[in-house]
Amino acid sequence: MAASSRMAIAAWVTTLATSAALLPLILGADWLFTIALLLAVQTGTGMLARRLGFGGPAVVLCQLAVTLPALTAVTVPDHATLGILPGPEALERLGTLFATGGGDIGHYTAPAPLTEGIRLILLTGVLLVGLLVDLLAVTLRSAAAAGLPLLALYSVASGVARDGGGIDHFLLAAAGFLVLLLTESRDRVGRWGRFFGTRGAGSGEARRPPRPEAGRRIGAMTLGAAVALPLLLPAPGPGLLDPARAAGGSGGSVGGEDFGSVNPVVALQDQLNRPRNRTVLRYETTAERDADMYLRLVALDAFDGERWTSSAEPEPDLPPTPWPVEGLSPGVPAEPVSTRITTEPGYTQSALPVPVPPAAIEAEGEWAYDPQSSTLVSARRGQTSANLTYRVEHWDLSPGTEQLSSAPPAADEELRQRYTALPDDLPEVVRETAATVTAGAGNDYQRALALQNWFTRDGGFRYDTRVASGSGNEAIAAFLEAREGFCVHFAFTMAAMTRSLDIPSRVAVGFTPGTRAANGTHTVGLHNAHAWPELYFEGVGWTRFEPTPGQGSAPDYTRPEREAGADRSDPDREAPDRTEAGEDPTRPEENATDPTECDPVADPGACQDPTAVGSGPGDTGGTAVDGPALRGGAIALLLLAAAAVPRLLRARLRARRLSPGAGPAAAWREVVDSARDLGIPPLPGDTPRRAGERIVRLGGLDDASASAVRRLVDDVERALYSPAPGTEGEEGERARLAHTVRAGLTAGAGRWLRLRAAVFPASTPRPHRVLAARLAGWGERLRRATVERLRRLPRPIRP
């Protein structure tokens, strides 16, 4: 295999290994197989272009010319010509998906769902990195420089995932880069030629040549040191929202102190700014939507102008299951979900983080019930959440935009006054800004949505955890002026603004869903600490909104273009009884009905899709060719046409060389190229006779083929050294002799050599060389014509 081909394959492996660091950022791993296929197409195109003799810029252009249609076929085939060629409609759709993907990245937190926009950005980014790595490592022969785009790709993954994606992804990316470096070093050493050792002074022994194992050992030692040294260095201390630390204690258990009595803002900012994303808990869930698996630790409802706190008093007795969900009506679709949570030994908290809304919590120990936060809190001194495994039965709610838009004011006047209360000294800028942003909204839902979009998209806010924390009046006013801060600023400010609009609201503190592993287990760390506002809508209950840009996932009901429940839930499913206890959330078949919409036995036609092929009244039952089949056929035809190009070019060159009047030199060049195609390349400096004997010997030719080679050698030597030209009959005989030699070489070659000679002949004309030769010929003819014209001009008469 050629050195450039080995480098290209190593570049493909390295890019693919580095792109695996993006796995913690995206739900699922199917996109990695798509990346591998597209990178293989891009790398194979570069290998073929170099095989045909193209230079650096031409190779890149060829790769782009093939990669763009391949990317189009994978992402927007329905808008492309023949499902693969990017036309104006496809390019417009790609631009739309890029814009949508940018918005999705800002709305979701890792791991984000693989939307069409995120998928396009992901594929395009990795393909561009792969193109740069191929250009630097293969074309420019600088594997070390190729580490820069790889480092950029890995930095994006580690920066967003915060924990760097884990040690396994680092090892995979580092090993891939070492493969690239070792492949380049092998190529460079091979170009030095044979190593001749010298005798050591007085040793009497020849110096041994350098061994490739030494480079591998150095690479392995370096990689091992990079992994082991960070483990030996001191690490930051534990404690996410550590109550003892937040309260000024020395650590340990939280005693009987309620979380609402400590300041979660300072502790949350401290954990977000820690360099190490220490794991605090893991969970397994039956929920279908990981993005909505927020874990609420506490809900803060009282705002006195200085801080937000929880005013609820824990109840010693737990309510009967399923726990009622405040304000929720049976009209909201709900799906029962079961989640098993295991906390780390160092996570000492007085309350249990739970997905919302919970219907039941099973945990060992002595716990009380917090009605404000709908969770369990410690009922005795020393009872914490450390090293605890508990199960939460909860509901996956799917309120629709119509339900939220038509929600009436809160029926409970005490609830409305409690959750809309604001301090008398609230800065006027809060009310004025809220009124300005929501000026065109017609109901509370539209006003809340306008505020969320203003914070995340239209208001020019920037996420920064280094901004001084605070939740009081001055902090809110400063945040609205500077427009930079982290989740507590966005959550508390939106809650205050919605209260100024007479919308009941509170602030929840807890965790975002965390990172999902391949086995389905989710890991939540320090950097998943988060705060978000919850707004109350009559008939729906407490509803989460996400005003923090880029640090959480916006709920589906805040994105009207993705109506919640439209494509992932049964619209006829019943909601649980939110006001009466007695239903078991773990047995939904007893709580909801599933009406039969069609009976395939009694009425087969009722179960048919009127939009499906073959269901129309005029359909005769024929088979229609669908889009994927048509696109697959078009791609197959294009691949076959591309594979046939080298063979056609070679056949055309052969016919021209063996045509009447071509001469013995052309026939001999055809024999030499036929030998090259079958693994016998010519040697520089060989005379025709020596080259002929070499072809006979290495090709294992029979007597007839060997005699044909010698006769062609005689013809070409006669043409070179004798002035007597050959006759037309001799020229016809040369074509027959050349075909005899080619048949003998083919018969003596192996199966692989015959296949390669038929599909990708090594002597295929290089297009750029053919063009350069033609340009040189045209230039030479132009030069001769110019000289001839100058000679014919009359010379001036000298006096």
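Residues numbered from 1 in each chain as written. Predicted model: local features only at pLDDT ≥ 70, side-chain atom pairs only at ≥ 80, totals over all residues. Heavy atoms only, no water.

### Description of the overall build of the chain
Inclusion rule: Segments assigned H or I by DSSP are reported as helices when at least four residues long, segments assigned E as strands when at least two residues long, and all are numbered from the N terminus. Three labels apply to residues, based on accessible area from a 1.4 Å probe with only protein chains included: buried if under 20% of the type maximum, exposed if over 50%, partly exposed otherwise in between. Every accessible area reported is derived by Shrake-Rupley at a probe size of 1.4 Å, with residue values counting cover from the shown protein chains alone.
When helices and strands are tallied, the chain shows 23 helices and 17 strands. Residue burial in the chain is summarised as follows: out of 799 residues, 44% are buried. Carbon and sulfur atoms make up 57% of the accessible area of the chain, which amounts to about 40,500 Å² in all.

### Some points on the side chain of His394
The criterion, for reference: Two N or O atoms count as a polar contact when they lie within 3.5 Å, although within protein this holds only if one can serve as hydrogen donor and the other as acceptor, and sequence-adjacent residues are included solely when both atoms are side-chain atoms. Contacts were defined at the residue level, with two residues in contact if any of their heavy atoms lie within 4.5 Å.
Within the fold, His394 resides in strand β10 (residues 389-397). At 2.7 Å, the side chain of His394 and the side chain of Thr339 are in polar contact. Residues contacting His394, with those up to four places away along its chain left out, are Thr285, Met293, Glu335, Pro336, Val337, Ser338, Thr339, Pro355, Pro357, Pro358 and Ala359.

### Description of the sheet that holds strand β6 (residues 354-355)
The condition is simple: Two strands qualify as a pair provided DSSP detects at least 2 bridges between them.
Within the open sheet, the five strands sit side by side as β6-β2-β13-β16-β17. Their pairing is antiparallel. The open sheet has two free edges, formed respectively by β6 and β17 (541-544), since each of these has just one partner strand.

### A short note on the pattern of salt bridges
Which entries qualify depends on this criterion: Salt bridge, as used here, is a side-chain nitrogen of Lys or Arg placed within 4 Å of a carboxyl oxygen of Asp or Glu.
According to the stated counting rule, one finds 28 salt bridges in the structure shown. Glu534 is paired through a salt bridge with Arg506; the nearest N and O atoms lie 2.9 Å apart. Note that Glu534 is positioned in strand β16 (residues 529-537) and Arg506 in strand β13 (residues 505-511), a separation of 28 residues in sequence. A relative accessible area of 3% means that Glu534 is categorised as buried. With a closest N to O distance of 3.4 Å, Glu670 and Arg657 form a salt bridge. Here the residue Glu670 occupies a position in helix α18 (residues 664-677), and Arg657 occupies one in helix α17 (residues 627-657), the gap between them amounting to 13 residues.

### Quick word on a negative patch on the surface
Rule in force here: Put simply, a patch holds well-exposed residues, over 30% relative accessible area, that have no salt bridge, with like charges counted together within 9 Å and Val, Leu, Ile, Met, Phe, Trp or Tyr side chains within 5 Å. None of His or the chain ends enter the tally, which takes Lys and Arg as positive and Asp and Glu as negative. Note that the charge is assigned to NZ on lysines, CZ on arginines, CG on aspartates and CD on glutamates.
A cluster of like negative charges, contributed by Asp304, Glu306, Asp424, Asp425 and Glu474, occupies part of the molecular surface. Structurally, Asp304 is set in the loop between β3 (302-303) and β4 (308-309).

### A closer look at the sheet that holds strand β15 (residues 522-525)
If you trace the six strands from one edge of the open sheet to the other, you get β7-β10-β5-β1-β15-β14, paired in antiparallel fashion. Every other strand in the sheet has two partners, leaving β7 (358-362) and β14 (515-516) as the edge strands with one partner each. Pairing of β7 with β10, which is carried by four bridges, proceeds in the antiparallel orientation. Residue pairing across strands places Glu362 opposite Arg391, the latter belonging to β10.

### A word on the packing of helix α19 (residues 688-699) against helix α20 (residues 703-721)
Two measures define how a pair of helices packs: the angle their axes make with one another and the distance between the axes. The test is simple: The angle between two axes is taken between their N-to-C directions and runs from 0 to 180 degrees, where each axis is a line fitted to C-alpha atoms and a helix contributes only its stretch in contact. Any angle between 65 and 115 degrees counts as roughly perpendicular, while under 35 counts as roughly parallel, over 145 as roughly antiparallel, and the rest as oblique. Classification used: nonpolar for Ala, Val, Leu, Ile, Met, Phe, Trp, Tyr, Cys and Pro, charged for Asp, Glu, Lys and Arg, polar for all others including Gly.
Orientation of α19 relative to α20, taken along the N-to-C sense of each, is 170°, at an axis distance of 9 Å. When the axis of α19 is compared with that of α20, the two are roughly antiparallel. For the pair formed by α19 and α20, the contact residues are Pro688, Arg689, Gly692, Glu693 and Val696 on the first element and Ala706, Val709, Arg710, Val713, Asp714, Val716, Glu717 and Leu720 on the second. A class-by-class count of the residues in the contact of α19 with α20 yields seven nonpolar, one polar and five charged.

### Describing the packing of helix α2 (residues 30-51) against helix α5 (residues 116-139)
The condition that has to hold: Helix crossings get a hand from a simple test, with the near helix turned counterclockwise from the far one by less than a right angle marking a left-handed crossing and a clockwise turn marking a right-handed one.
Put simply, α2 and α5 touch, their axes get as near as 10 Å, and they point 35° apart. The chirality of how α2 crosses α5 is right-handed. Note on element contacts: α5 touches α2 through Arg119, Leu122, Leu123, Val126, Leu127, Gly130, Leu131, Asp134, Val138 and Thr139, opposite Trp31, Thr34, Ile35, Leu38, Leu39, Gln42 and Arg50. The class makeup of the residues in the contact of α2 with α5 is 10 nonpolar, four polar and three charged.

### Quick look at a nonpolar patch on the surface
Where nonpolar side chains cluster on the molecular surface, the patch consists of Leu37, Val41 and Val66 and spans about 220 Å² of accessible area. Inspection of the secondary structure puts Val66 in helix α3 (residues 56-75).

### Regarding the packing of aromatic side chains
The test is simple: Here a Phe, Tyr or Trp ring, Trp counted by its six-membered ring, pairs with any other such ring whose centre lies within 6.5 Å, and the pair is stacked when the planes are under 30 degrees apart, edge-to-face when over 60, and tilted otherwise. Charge over a ring is defined by NZ of Lys or CZ of Arg lying within 6 Å of the ring centre and within 35 degrees of the ring normal.
Per the counting criterion, the structure on display carries 17 aromatic pairs. Measuring from ring centre to ring centre gives 4.8 Å for Trp323 and Tyr369, while their planes differ by 65°; the resulting arrangement is edge-to-face. Taken together, the positions of Trp323 in the loop between β4 and β5 (334-343) and Tyr369 in strand β8 (residues 367-370) put the pair 46 residues apart, joining distant regions of the chain. Here Trp323 and Tyr369 have matching classes, each one buried. Ring plane angle 20° and centroid distance 6.3 Å describe the contact between Phe455 and Phe479, whose orientation is recorded as stacked. Taken as a pair, Phe455 in helix α14 (residues 444-458) and Phe479 in helix α15 (residues 473-482) lie far apart in primary sequence, 24 residues in all. Following the ring pairs from residue to residue traces out a cluster consisting of Trp454, Phe455, Phe461, Phe479 and Phe490. Sitting above the plane of the Trp542 ring, Arg506 keeps its charged end 4.1 Å from the centroid. The lysine or arginine in question, Arg544, covers the ring of Tyr294, its NZ or CZ lying 3.9 Å from the ring centre.

### What about helix α1 (residues 3-19)?
Heads up, the rule is: Residue count minus one, scaled by 1.5 Å, sets the expected span of a helix.
Spanning 17 residues, α1 covers 24 Å between terminal C-alpha atoms, matching the ideal 24 Å at 1.5 Å per step. Here α1 has its buried residues at Ser5, Met7, Ala8, Ala10, Ala11, Thr14, Thr15, Leu16, Ala17, Thr18 and Ser19.

### Topic: the pairing of β13
Where burial is concerned, most of β13 is hidden: seven out of the seven residues are buried. In this structure, β13 lies alongside β16, joined through seven bridges in antiparallel fashion. Bridging across to β16, Val507 finds its partner in Pro533.

### Remarks on the environment of Val488
When you line up the elements, Val488 lands in helix α16 (residues 487-500). For the pair formed by Val488 and Ala531, sequence separation is 43 residues and the distance between their alpha carbons is 5.5 Å.

### Points about the nonpolar core
Threshold: Here the nonpolar core consists of buried residues drawn from Ala, Val, Leu, Ile, Met, Phe, Trp, Tyr and Cys, with membership extended through side-chain atoms lying within 4.5 Å.
By size, the foremost hydrophobic cluster in this structure holds 48 residues, and its most contacted members are Phe455, Met497 and Phe537. Secondary structure elements with two or more residues in this core: β2 (295-300), β10, α13 (428-437), α14, α15, α16, β13 and β16. A per-element tally of this core places α16 first, with nine residues. Sequence-distant contacts of Phe455, defined by excluding residues within four places in its chain, comprise Phe461, Phe479, Phe490, Thr493, Met494, Met497, Pro547 and Pro549. Counting residues in each nonpolar core, the second largest holds 41 residues, with Ile118, Val133, Ala143 and Leu150 among its members.

### A word on unusual backbone geometry
The bulk of non-glycine residues show a negative phi, and the bulk of peptide bonds are trans. Of note, the bond from Thr321 into Pro322 is cis; its omega dihedral lies within 30 degrees of zero at -5°. The omega torsion of the bond from Val356 to Pro357 falls at -10°, within 30 degrees of zero and hence cis. Within the secondary structure layout, Pro357 lies in the loop between β6 and β7. Phi at Ser374 is positive, roughly 55°, even though this residue is not glycine. Within the secondary structure, Ser374 is located in the loop between β8 and β9 (375-378). When its relative accessible area of 15% is taken as the criterion, Ser374 is described as buried.

### What about the environment of Thr339?
Inspection of the secondary structure assignment puts Thr339 in strand β5. Along the chain, Thr339 and Tyr283 lie 56 residues apart, while their C-alpha atoms are 6.7 Å from each other. Those residues in contact with Thr339, other than ones at most four positions away along the chain, are Tyr283, Glu284, Thr285, Met293, Pro355, Tyr390, Arg391, Val392 and His394. For Thr339, the side chain forms a polar contact with the side chain of Thr285, separated by 2.9 Å.

### Quick word on the confidence of the model for the chain
Just so we agree on the cut-off: A score from 0 to 100, pLDDT tells how confident the predictor is in each residue.
Averaged over all residues, the pLDDT of the chain is 76; the fraction at 70 or higher stands at 73%. Under a pLDDT of 50 for its full length, residues 194-207 has, in the predicted model, 12 contacts with residues more than four places off or in other chains. For the stretch residues 231-263, pLDDT sits under 50, and the model shows 71 contacts to residues farther than four places along the chain or on other chains.

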